[in-house]
Amino acid sequence: MTLRGLKRDIVTFNIIVRGLVQIGRYTAAQEILNEMQATRQIPDPKTCGLLLDGLCQSGHIDEAMFLFHMMEKRGLRLDIVKYNVLVAAYCKNKTLDNARDVFTVLPSKGSCPDDRTSLT
């Protein structure tokens, strides 16, 4: 897709996703991810991380987990920051069993809990 003759690249998409998340338009941000895929642009870990963080902060945990599993399935890098976002969201929503489940799976996913994970 073009915008005034310019082709959108990953940086452009990340800016759009960030802006939509900042104003609480998560559905629109998810539609941008779909648009990226339709134009054969692969969302990178940053793109997905922006949306994941926004979904978690706004309490849309089910949508965040769907996105998280999509990221896993596509082989996107899931670093400790993304796991921390999930743990914090589960703790905030008082679903501590889910937070513990994410915490305990970290070593098998190649991530180690850090100070932020422990403080959550």
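Please refer to the structure placed before this passage.
Because the structure is a prediction, the values reported are computed rather than measured.

Caption draft 1: Region of the structure containing the overall build of the protein. Counting secondary structure elements, the protein contains 7 helices and 2 strands. The order of helices and strands in the protein, counted from the N terminus, is β-β-α-α-α-α-α-α-α. For a compact globule of 120 residues, the expected C-alpha radius of gyration is about 14 Å, and the protein comes in at 15 Å, within 12% of that figure. Projected onto its principal axes, the C-alpha positions of the protein cover 50 × 30 × 20 Å.

Caption draft 2: View of the nonpolar core. Ranked by internal contacts, the top residues of the largest apolar core, which has 35 residues, are Leu-51, Leu-52 and Leu-67. Here Leu-52 is in contact with Ala-64, Leu-67, Phe-68, Lys-82, Val-85 and Leu-86, once residues within four sequence places are set aside.

Caption draft 3: Inspection of the packing of helix H1 (residues 10–22) against helix H3 (residues 45–57) at higher detail. Where H1 meets H3, the axes come as close as 9 Å, and the angle between the chain directions of the two elements is 5°. With respect to each other, H1 and H3 are oriented roughly parallel. Contact residues: H1 offers Ile-10, Asn-14, Val-17, Arg-18 and Val-21, while H3 offers Lys-46, Thr-47, Leu-50, Leu-51 and Gly-54.

Caption draft 4: Looking closely at unusual backbone geometry. Positive phi, close to 65°, is recorded for Arg-40, a residue that is not glycine. Secondary-structure assignment places Arg-40 in the loop between helix H2 (26–38) and H3. Phi is positive for Lys-94, close to 60°, though the residue is something other than glycine. Mapped onto the fold, Lys-94 is located in the loop between helix H5 (80–92) and helix H6 (96–105).

Caption draft 5: Structural view of H3. Its 13 residues give H3 an end-to-end C-alpha distance of 18 Å, which sits within 8% of 18 Å, the value for a rise of 1.5 Å per residue. Listed in full, the buried residues belonging to H3 are Thr-47, Cys-48, Gly-49, Leu-50, Leu-51, Leu-52, Gly-54, Leu-55 and Cys-56. Among the structural elements, H1, H2, helix H4 (61–73) and H5 are those in contact with the buried residues of H3.

Caption draft 6: Main features of the packing of H5 against H6. H6 packs onto H5 with a crossing angle of 160° between their chain directions and a minimal axis gap of 7 Å. The orientation of H5 with respect to H6, classified from their angle, is roughly antiparallel. With respect to the hand of their crossing, H5 and H6 are arranged in left-handed fashion. Across the interface between the two elements, Tyr-83, Leu-86, Val-87, Tyr-90 and Cys-91 from H5 touch Leu-96, Asn-98, Ala-99, Val-102, Phe-103 and Val-105 from H6. Class assignment for the residues of the contact of H5 with H6 results in 10 nonpolar, 1 polar and no charged.

Rules used in this analysis
- Residues numbered from 1 in each chain as written.
- Predicted model: local features only at pLDDT ≥ 70, side-chain atom pairs only at ≥ 80, totals over all residues.
- Heavy atoms only, no water.
- Helix = DSSP H or I, 4+ residues; strand = E, 2+ residues; numbered from the N terminus.
- Rg over C-alpha atoms; globule rule 2.2 N^0.38 Å.
- Core = buried A, V, L, I, M, F, W, Y, C linked by side-chain atoms within 4.5 Å.
- Buried < 20%, exposed > 50% of the residue type's maximum accessible area, 1.4 Å probe, protein only.
- Contact = heavy atoms within 4.5 Å.
- Axes fitted to C-alpha atoms, helices over the stretch in contact; angles between N-to-C directions.
- Parallel < 35°, antiparallel > 145°, perpendicular 65-115°, else oblique.
- Expected span 1.5 Å × (residues − 1).
- Left-handed = near helix turned anticlockwise from the far one by under 90°.
- Nonpolar A, V, L, I, M, F, W, Y, C, P; charged D, E, K, R; others polar.

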